[in-house]
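Survey of secondary and tertiary structure
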Amino acid sequence: MNFTNIRTPLNFFSLLLCLMPAALISGPFFSDLFLSLIGFYFLVTSIVKKNWKYYKNLFFYLFIIFYFYILIRSIASETPLRSLESSLFYFRYIFFTLGVMYIIEKNPKVVFYFGYSIFITIFFVTLDAYYQFFTDYNILGYEKWGDARFSGLLKDEALGRYLVYLMPLMFALLSMKENIKKYEIMIAMLILILADIIIFLSGERTSFALLTLGTVLIVLNIKRFKYLRMFCFLASILIITIITFNYPQVKNRIIDNTVIGFEFDSGDTKIINKEYDSIYKTAFEMFKDNPIFGIGVKNFRIKCGESQYSSEHSCSTHPHNTLLQFLSETGIIGTLFYLAAFFFCLVKLIINFVGIIFNEKDYIVKDYEVCLYVCFIVILWPLAPSLNFFNNWISILYYLPLPFLLISIKKNNINQID
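Description of the structure in this document. (Residues numbered from 1 in each chain as written. Predicted model: local features only at pLDDT ≥ 70, side-chain atom pairs only at ≥ 80, totals over all residues. Heavy atoms only, no water.)

Another aspect to go through is the pattern of salt bridges. Side chains that differ in sign of charge can pair as their charged atoms come close. On inspection of all chains with the given rule, the structure shows 10 salt bridges. Residue Arg-92 is joined to Asp-32 by a salt bridge in which the shortest nitrogen-to-oxygen separation is 3.1 Å. Note that Arg-92 is positioned in helix 5 (residues 92–106) and Asp-32 in helix 2 (residues 28–48), a separation of 60 residues in sequence. Taken as a pair, Arg-92 and Asp-32 share a single burial class, namely buried. Lys-303 is paired through a salt bridge with Glu-78; the nearest N and O atoms lie 3.1 Å apart. Residue Lys-303 is located in helix 13 (residues 300–303), and its partner Glu-78 is located in the loop between helix 3 (58–75) and helix 4 (80–87); the two are separated by 225 residues in the primary sequence. Overall, the relative accessible area of 61% leaves Glu-78 in the exposed class. Each member of the salt-bridge network shares a partner with another, and the members are Glu-78, Lys-303 and Glu-306. (Salt bridge = Lys/Arg side-chain N within 4 Å of Asp/Glu carboxyl O. Helix = DSSP H or I, 4+ residues; strand = E, 2+ residues; numbered from the N terminus. Buried < 20%, exposed > 50% of the residue type's maximum accessible area, 1.4 Å probe, protein only.)

To continue, consider the state of the cysteines. The tally for this structure, following the rule as stated, stands at 1 disulfide. The disulfide partner of Cys-304 is Cys-315, and the gap between their sulfur atoms is 2.0 Å. Taking the sign of the S-S torsion, 100° for the link of Cys-304 and Cys-315, the bridge is right-handed. In this pair, Cys-304 sits in the loop between helix 13 and helix 14 (322–357) while Cys-315 sits in the loop between helix 13 and helix 14, placing the two residues 11 residues apart along the sequence. On the basis of relative accessibility, which here comes to 40%, the residue Cys-315 falls in the partly exposed class. Its sulfur unpaired, Cys-375 is 7.5 Å from the next cysteine sulfur, which belongs to Cys-371. Assessed through its relative accessible area of 1%, Cys-375 is described here as buried. (Disulfide = S-S within 2.5 Å.)

Orientation of helix 1 (residues 9–25) relative to helix 5, taken along the N-to-C sense of each, is 115°, at an axis distance of 10 Å. Where helix 1 crosses over helix 5, the handedness of that crossing is left-handed. Of the residues in helix 5, those in contact with Leu-10, Phe-13, Ser-14, Leu-17 and Met-20 of helix 1 are Phe-96, Val-100, Ile-103 and Lys-106. Split into classes, the residues belonging to the contact of helix 1 with helix 5 amount to 7 nonpolar, 1 polar and 1 charged. (Axes fitted to C-alpha atoms, helices over the stretch in contact; angles between N-to-C directions. Left-handed = near helix turned anticlockwise from the far one by under 90°. Contact = heavy atoms within 4.5 Å. Nonpolar A, V, L, I, M, F, W, Y, C, P; charged D, E, K, R; others polar.)

Counting 122 residues, the largest nonpolar core has Tyr-90, Tyr-162, Leu-169 and Leu-201 as the members making the most contacts within it. Sorting elements by how many residues they give to this core places helix 7 (residues 159–176) first, with 13 residues. Contacts of Leu-169, omitting those with residues within four sequence positions, involve Phe-114, Ile-118, Leu-372, Cys-375, Leu-400, Pro-401 and Phe-404. Core analysis: the next-biggest nonpolar cluster, separate from the first, contains 11 residues, Tyr-280, Phe-287, Ile-295 and Leu-327 among them. (Core = buried A, V, L, I, M, F, W, Y, C linked by side-chain atoms within 4.5 Å.)

The next thing to look at is the environment of Ser-408. Structurally, the position occupied by Ser-408 is in helix 17 (residues 402–417). It is 9.6 Å that separates the C-alpha atoms of Ser-408 and Leu-372, two residues lying 36 residues apart in sequence.

The final tally for this structure, using the stated rule, is 3 cavities of 30 Å³ or more. Its volume calculated, the largest cavity comes out at about 100 Å³. Taken together, Val-164, Met-167, Pro-168, Phe-171, Leu-192, Leu-210, Leu-211, Gly-214, Thr-215, Ile-218, Arg-229 and Val-378 make up the lining of the largest cavity. Secondary structure elements with two or more residues in the lining of the largest cavity: helix 7 and helix 9 (205–221). (1 Å grid on protein atoms, 1.4 Å probe; cavity = no way out; pocket = protein on both sides within 12 Å on 5 of 7 lines; lining within 4 Å. Points joined across faces, edges and corners; volume = space filled by probe spheres on them.)

With that settled, the discussion passes to the packing of helix 2 against helix 5. Packed helices, taken two at a time, are described by the angle their axes make and the gap between the axes. As a packed pair, helix 2 and helix 5 sit with axes 7 Å apart at the nearest point and diverge in direction by 70°. If you check the angle between helix 2 and helix 5, you find them roughly perpendicular. Taken together, the residues of helix 5 that come into contact with helix 2 (itself represented by Asp-32, Leu-35, Ser-36, Ile-38, Gly-39, Tyr-41, Phe-42, Leu-43 and Thr-45) are Arg-92, Tyr-93, Phe-95, Phe-96, Leu-98, Gly-99, Val-100, Tyr-102 and Ile-103. (Parallel < 35°, antiparallel > 145°, perpendicular 65-115°, else oblique.)

With that settled, consider the environment of Phe-389. Relative to the assigned elements, Phe-389 resides in the loop between helix 15 (367–380) and helix 16 (392–399). Measuring from C-alpha to C-alpha, the distance between Phe-389 and Pro-319 comes to 9.8 Å, with 70 residues separating the pair along the chain. Every residue in contact with Phe-389, bar those within four places of it in the chain, is listed here: Tyr-90, Thr-322, Gln-325, Phe-326, Leu-380, Ile-394, Ser-395 and Tyr-398.

Across its 18 residues, helix 7 extends 26 Å between first and last C-alpha, which sits within 8% of the 26 Å expected from 1.5 Å per residue. Considering bend angle alone, the principal kink of helix 7 is centred on Met-167 and spans about 30°; proline Pro-168 follows within four residues of it. Across the 18 residues of helix 7, 17 count as buried, placing the element largely inside the fold. (Expected span 1.5 Å × (residues − 1). Bend = angle between axes of the 7 residues up to and from the residue.)

If you want it as structure tokens, here you go:
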């Protein structure tokens, strides 16, 4: 791929794809702009060239059904204009996904350039976060949020989520490379260890829990770099243990203030903390009142202030849990799409793990595909606090691994037919 010839549209949009991990650091504007440009490029190209094959797949059909469902539900909600802010232009994610698939199929080398981009970006973000951890300010002068919370270059976004969602994709692209050199392995190990540790130090407890979940799933299901990933994570845990005993503020944030369980003496229950517990209960009450269709996307922040739901800590911009957000805002119908995606990935990994145990080669998934499934297990995991599913910035992180997985599934289907 020759990036110097930017007059060629394919090269220009390949460059935008490679810049996406870096664009996400700056916030939603440039990342959303790149996403929209890639989607628009694909839409125009597919129409001009009458290239309809990308539309003829189950994913596209299901996405369109889901899109029109949330669109109609927004229009029929009590505050349609607010709800449409999230649902009206949601179609751009499908065209971005198809656009990336088109770019990869027409320009296969872009996958490796994209992989280098992720490696470099994660390494740079991680180093900056360490600088902020030790000095209280990052290279741009952003200050820590508190004694044990910081986001480095991402400023107002979630550093831990950014890393934990991109790392399985980074590992997937590493697994795709056949002739990997020793120095590349050493660099990959360094980045993995540094990123593992900084996710913990960032104070994002959920991100570290998801990192652990994703790491376990990868180690159980891959062959080639199983012990490399295991060694990196164990080394990270050892270093984290040492740091925890030397930085009381980290221990206080991650360990001492993490409460999961019940307060039997007071008769009160706490899922994570009082704030989340109240929000979760509010979301579930909304679901019970609107079980089939929900209240409409982006309406939780409006409805939570109503008298039948209002209580201390009951209001927020979203329910802070993906499953509860789907249940409360899209009802059972919308939640079925979410659960179908989650269990599809989970079942794939379970079947693959069983195939490894019984040495059934027909059921074993390729390593890079395993990592891509893990991406979505981590993203869609229903038993953890989450960001707003329909937020522009986080949605780009959610959809970024998808075209790589769809291309892999497409190739597998073609090979089975052959």
